[in-house]
Amino acid sequence: MTETALAAVVLAALAGLLAGRAWAATRRSAELRERPGFRASPHYTEALHCLATGQLEGAIRELVKVLREHPESAEVQQVLAHLFREVGQAERAIEMHRALLARADITRAERAHVLASLGTDYRKAGLLDRAAAAYGEALDVDPKNVHALVGQQKLAEEQRQWREAYEVQTRLARLRKSDDGLVLGFLQAQMGAEAVRAGQRDAAEASFRTAVSLDRRVFPAHLALAAMWSEDDPRRAASILEGAIAAAPERAYLAFGALEAAYRAAGEPSRFVALCERLVREDARDWRARLALARHLRGEGGAREALGLLLRALESNPHVLLVHLEVWRTLRALGTLGPEEQRFVATVEESALYVDPHICTVCRYRADDMLWRCPHCHEWNSFVEERVGPAAGAR
Ligand SMILES: [Zn+2]
């Protein structure tokens, strides 16, 4: 487990513990009569120590001992069930949450909380129908249960039910008074993409427009809108893409292909050169603008100029394999390669080595391409290009 993932698990476990504490607070009146003695147990102290140092198995071992001494403690049961789920033992978590639900002495708020937790157990165990039912029951008991709403939202996303995910996320944003524009925007963009596939152009356009109005950084919505106009009105497509680059300059390279085509279709190919030159001026380390410009120039018969650009890109980014590959292609275009070198270039062009690695800034999940939603931690817009320093191989 990476350090970040471990920290996330520990935080989740502590959050579970705090939820247990919050629960305990709601039980105040009961506690006044009968204060739980489990906090006095040395195993409880040891469990806290294990949690703080990220030893989840150790925490489970100690809490099982606490529970043996104090079988009536719903708080310990709740935390333990949470930990079982975190270490992948969803079945034991389900068992414990069910046992909690069977208790006659829990309040409505507690019942909603346990039902929501049970829903997440089922979700993690892949039992999606049961998860949906448990979240639904939790919301029947307490319509404002955030835990159940978050679970429902994730469940909808996992099943690619974008509209439902959007509706739940809207409720959550209202309830938590949080600004969820970015996530809502990405969900709208997914709804738009679905409408495109269904041939509903107007609905698709409306979704993409809503997406960018929710958050200008929803890059795929700009790309999709531009694609809708690329044939009929390339000037309009180009202006949409320029807007996208202005809103998220670090994503500019994702628009290069479409923008180059749009400028060309509009009869103004030189505007692509001007754009790349501007981006290079703004960031001397921007190898992507140099690479795009070099490709453009090579296509226009300017391979000599392209080579100069690429060599400058290599000076500041010697580790970027895509630039190396483009150097070979440019040398081929210049006619400087013999048949053997040409065979070499043809071979490396097919090589899996020349991928464009991206990494999730939340969980460090790596992918060979840009992804809008992390398949591991399910965050939106968390991928960036992986920058490998020239000295990385030495470490
Ligand atoms: Zn991730």
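Residues numbered from 1 in each chain as written. Predicted model: local features only at pLDDT ≥ 70, side-chain atom pairs only at ≥ 80, totals over all residues. Heavy atoms only, no water.

## Points about the overall build of the protein chain
Move 1: Across its full length, the protein chain holds 20 helices and three strands.
Move 2: Among the 395 residues that make up the protein chain, the fraction classed as buried is 47%.
Move 3: Residue pairs in contact within the protein chain that sit at least 24 positions apart in sequence constitute 49% of those at least 6 positions apart.
Move 4: For the protein chain, the exposed area adds up to about 20300 Å²; of that, 52% sits on carbon and sulfur atoms. (Helix = DSSP H or I, 4+ residues; strand = E, 2+ residues; numbered from the N terminus. Buried < 20%, exposed > 50% of the residue type's maximum accessible area, 1.4 Å probe, protein only. Contact = heavy atoms within 4.5 Å. Areas by Shrake-Rupley, 256 points an atom, 1.4 Å probe, with all protein chains shown as cover.)

## Comments concerning the coordination of the zinc ion
Ideal values differ by geometry: the angle at a metal is 109.5 degrees with four tetrahedral donors, but 90 or 180 degrees with six octahedral donors.
Move 1: Note on the zinc ion: its protein donors are Cys360 (SG), Cys363 (SG), Cys374 (SG) and Cys377 (SG). The metal-donor distances range over 2.3 Å.
Move 2: Here the zinc ion is ringed by four donor atoms whose angles at the metal span 104 to 113 degrees, and the overall shape comes out tetrahedral.
Move 3: Taking relative accessible area as the criterion, Cys360 reaches 0% and is therefore assigned buried.
Move 4: Given the relative accessible area of 15%, Cys363 is considered buried. (Donors = N, O, S within 2.8 Å, 3.2 Å for Na, K, Ca; no water. Tetrahedral: all angles 85-135°; square planar, octahedral: opposite > 155°, others 65-115°.)

## Side note on the environment of Thr336
Move 1: Along the chain, Thr336 turns up in the loop between helix 19 (321-333) and helix 20 (339-349).
Move 2: Overall, Thr336 belongs to the partly exposed group, its relative accessible area being 49%.
Move 3: Separated by 3.0 Å, the side chain of Thr336 and the backbone oxygen of Leu331 make a polar contact. (Polar contact = N/O pair within 3.5 Å; in protein donor to acceptor, adjacent residues only side chain to side chain.)

## Comments concerning helix 18 (residues 303-316)
Move 1: Taking 1.5 Å per residue, 14 residues should reach 20 Å; helix 18 reaches 20 Å between its end C-alpha atoms and fits that length.
Move 2: Regarding helix 18, the residues found buried are Ala303, Ala306, Leu307, Leu309, Leu310, Ala313 and Leu314. Projection of helix 18 onto a plane perpendicular to its axis shows the buried side chains occupying an angular sector of 165 degrees, all on one side. Exposed and oriented more than 90 degrees from the buried face of helix 18 are Arg304, Glu305 and Glu315.
Move 3: Structurally, helix 18 contributes buried residues whose contacts are with helix 17 (287-299) and helix 19. (Expected span 1.5 Å × (residues − 1). Arc of directions from axis to C-beta.)

## Considerations on the pattern of salt bridges
Move 1: Enumeration over the complete set of coordinates arrives at 23 salt bridges.
Move 2: We note a salt bridge from Glu300 to Arg264, for which the minimum N-O separation is 3.4 Å. Within this pair, whereas Glu300 is found in the loop between helix 17 and helix 18, its partner Arg264 is found in helix 15 (residues 256-265), the two being separated by 36 residues in sequence.
Move 3: Residue Glu300 is classed as partly exposed on the basis of its relative accessible area, which comes to 48%. (Salt bridge = Lys/Arg side-chain N within 4 Å of Asp/Glu carboxyl O.)

## A word on the sheet that holds strand 2 (residues 366-367)
Move 1: Taken in spatial order, the three strands make up an open sheet running 2-1-3, and their pairing is antiparallel. This sheet does not close on itself; its edge strands, each paired only once, are strand 2 and strand 3 (383-385).
Move 2: Both strand 1 (residues 358-360) and strand 3 contribute to a ladder of three bridges, which runs antiparallel. The residue of strand 3 that forms the bridge with Cys360 is Phe383. (Pairing = 2+ DSSP bridges.)

## Looking at the confidence of the model for the protein chain
Move 1: The share of residues in the protein chain with pLDDT of 70 or more is 88%, and the mean pLDDT across the chain is 88.
Move 2: Residue range residues 390-395 is modelled with pLDDT below 50. Its contacts to residues more than four positions away, or to other chains, number two contacts. (pLDDT = per-residue confidence, 0-100.)

## Concerning the packing of aromatic side chains
Move 1: Summed over all chains, the structure comprises eight aromatic pairs.
Move 2: Arranged with centres 5.0 Å apart and planes meeting at 70 degrees, the rings of Trp328 and Phe344 form a pair that is edge-to-face. A residue pair is termed long-range when its members are at least 10 positions apart, and Trp328 in helix 19 and Phe344 in helix 20 qualify at 16 residues.
Move 3: Phe344 gets classed as partly exposed once you look at its relative accessible area, which sits at 39%.
Move 4: Geometrically, the ring pair formed by Tyr365 and Phe383 is edge-to-face, given 6.5 Å between the ring centres and 80 degrees between the ring planes. With Tyr365 in the loop between strand 1 and strand 2 and Phe383 in strand 3, this pair connects stretches of sequence that are 18 residues apart.
Move 5: The buried category is assigned to Phe383, whose relative accessible area is 0%. (Phe/Tyr/Trp six-rings, centres within 6.5 Å; stacked < 30°, edge-to-face > 60°.)

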